[in-house]
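Structural overview for review
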Amino acid sequence: IYYRMHSRKWILLFFICELYFIAGYGQLDTFVLNPVNNPELKEYNLRRMAVDKNNNLWFGTDKGIVKFDGNDLNVFGKVEGDTNTLSINSLGTIYFDKQENLYVIGVGAFIDALNTKTGKVTRLKIQLRDEDKTKRSFPFAFSCLYIDTDSTIWAGMYNIGFMHFDRRTNKTLYYTVPKQNES
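Below you will find a few notes about this structure.

1. Focus on the nonpolar core
If you look at the biggest cluster of nonpolar residues, it comprises 17 residues, and the most contacted ones within it are Tyr103, Ile111, Leu124, Ile126, Phe142, Leu145 and Met163. Within the residue set of this core, elements represented by two or more residues are β6 (101-106), β7 (110-115), β9 (142-147), β10 (152-157) and β11 (161-166). Residues contacting methionine 163, with those up to four places away along its chain left out, are Ile111, Ile126, Phe142, Ile153, Trp154, Ala155, Met157, Thr172, Leu173, Tyr174 and Tyr175. In this structure, Ile65, Phe76, Leu91 and Leu102 belong to the second largest nonpolar core, which totals eleven residues.

So, in structure tokens, the structure goes:
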């Protein structure tokens, strides 16, 4: 009887430890959103969302980039004549790199990089080839981004293929994906 009760205690202790481990491990990636009663946030058409390392929410909207810290909104938009602002306010996809810069795909063929610490925007000098301008999909030329570790950017382009842009040299290489009926 002693052996049976003793082994039950060990089994019970094992399951309690296992549940504690599972419950604790599951909490590492948990992101909790509470209801937001910020009337200003309702004024924006929220298209895409990203979260930075400090759990601030960043939205690509129809009026620029919106940073929401849980209480306040900061808006980064286009200011006419100021090249340190966004190229265009109507935005699509947004991506963070490892340095917490926020890359933004705008309507048309714009990709901007927002330094989230300074608020300064760098407009990437990516030029579409003339033959690609007629093939691109409206409203966005670029479908997705991958920010490489060596400060280069890979971007998928609707109906065209993809490109590789080097931020140091401002040079772009294009890669066309052949259609299925082309061999």
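Next comes the rest of the account.
2. Side note on the sheet that holds strand β12 (residues 171-176)
Overall, antiparallel pairing links the four strands, which are arranged β9-β10-β11-β12 in an open sheet. The sheet terminates laterally at β9 and β12, the two strands that pair on one side only. When the angles between neighbouring strand axes are averaged without regard to direction, this sheet yields 20 degrees. Here β10 runs beside β11; their pairing, made up of six bridges, is antiparallel. Within β11, the position partnered with isoleucine 153 by the bridge is phenylalanine 165.

3. Examining the environment of methionine 163
Note on placement: methionine 163 falls in strand β11. Taking relative accessible area as the criterion, methionine 163 reaches 0% and is therefore assigned buried. For methionine 163 and phenylalanine 142, which are 21 residues apart along the polypeptide, the C-alpha to C-alpha distance reads 9.5 Å.

4. Things to note about the sheet that holds strand β1 (residues 46-51)
The four strands lie next to each other as β1-β2-β3-β4, forming an open sheet whose pairing is antiparallel. The outermost strands of the open sheet, each flanked by one partner alone, are β1 and β4 (73-76). Between one strand and the next, the sheet's axes are offset by a mean angle of 25 degrees, whatever the strand orientation. Two elements, β1 and strand β2 (residues 57-61), share five bridges in a ladder whose sense is antiparallel. Bridged to valine 51 within β2 is leucine 57.

5. Section: the packing of aromatic side chains
Summed over all chains, the structure comprises five aromatic pairs. With a centroid separation of 6.1 Å and 40 degrees between ring planes, the pair formed by tryptophan 154 and phenylalanine 162 is classed as tilted. Each residue in the set Trp58, Phe76 and Phe96 is aromatic and connected to the rest through ring pairs, giving one cluster.

6. Topic: a negative patch on the surface
Taken together, the side chains of Glu40, Glu43, Asp69 and Asp72 make up a negatively charged region of the molecular surface. Relative to the elements of secondary structure, glutamate 43 occurs in the loop between α1 (2-26) and β1.

7. Comments concerning the pattern of salt bridges
For the structure on display, the rule yields two salt bridges. Ionic pairing is found between glutamate 80 and lysine 78, a salt bridge with its closest N-O pair at 3.7 Å. Accessibility expressed as a relative area gives 32% for lysine 78, which makes it partly exposed.

8. Quick look at the environment of tryptophan 58
With respect to the helices, strands and loops of the structure, tryptophan 58 is situated in strand β2. For the pair tryptophan 58 and leucine 73, spaced 15 residues apart in the sequence, the C-alpha separation amounts to 9.6 Å. Within the structure, the side chain of tryptophan 58 is placed 2.9 Å from the side chain of aspartate 52, a separation counted as a polar contact.

About the cut-offs
- Residues take numbers from 1 onward in each chain, read along the sequence in its written order.
- Given that the model is predicted, a residue must reach a pLDDT of at least 70 before its local features are reported, and side-chain atom pairs must reach 80 or more before they are shown or counted; all residues, however, enter totals for whole chains, interfaces and linings.
- In computing side-chain properties, one takes all heavy atoms of the structure into account and sets aside hydrogens as well as water.
- Only buried Ala, Val, Leu, Ile, Met, Phe, Trp, Tyr and Cys residues count toward a nonpolar core, and they belong to the same one when joined by side-chain atoms within 4.5 Å.
- Exposure is judged per residue with a 1.4 Å probe applied to protein chains only, and the accessible area is read against the type maximum: over 50% gives exposed, under 20% gives buried, and values in between give partly exposed.
- Comment: elements are numbered from the N terminus, with helices defined as DSSP H or I runs of at least four residues and strands as E runs of at least two.
- Pairs of residues are marked as contacts when any of their non-hydrogen atoms sit within 4.5 Å.
- DSSP-based pairing: two strands are paired if at least 2 bridges between them are found.
- All axes are obtained by fitting lines to C-alpha atoms, using only the stretch in contact for helices, and the reported angles, taken between N-to-C directions, cover 0 to 180 degrees.
- Under the pairing criterion, centres of Phe, Tyr and Trp rings, with the six-membered ring standing for Trp, must be within 6.5 Å; the plane angle then separates stacked pairs below 30 degrees from edge-to-face pairs above 60, leaving the rest tilted.
- Residues enter patches when they are more than 30% accessible in relative terms and free of salt bridges; like-charged ones are connected within 9 Å and nonpolar ones (Val, Leu, Ile, Met, Phe, Trp, Tyr) within 5 Å.
- A 1.4 Å probe and the Shrake-Rupley method give the accessible areas. Residues count as covered only by the protein chains that appear here.
- Here a salt bridge means any side-chain nitrogen of Lys or Arg lying within 4 Å of a carboxyl oxygen belonging to Asp or Glu.
- When charges are counted, neither His nor the chain ends are considered; positive counts come from Lys and Arg and negative counts from Asp and Glu.
- Here the site of a charge means NZ on Lys, CZ on Arg, CG on Asp, or CD on Glu.
- Counted as a polar contact is a pair of N or O atoms within 3.5 Å, where, for protein atoms, one must be capable of donating a hydrogen and the other of accepting one, and residues adjacent in sequence contribute only when both atoms are in side chains.

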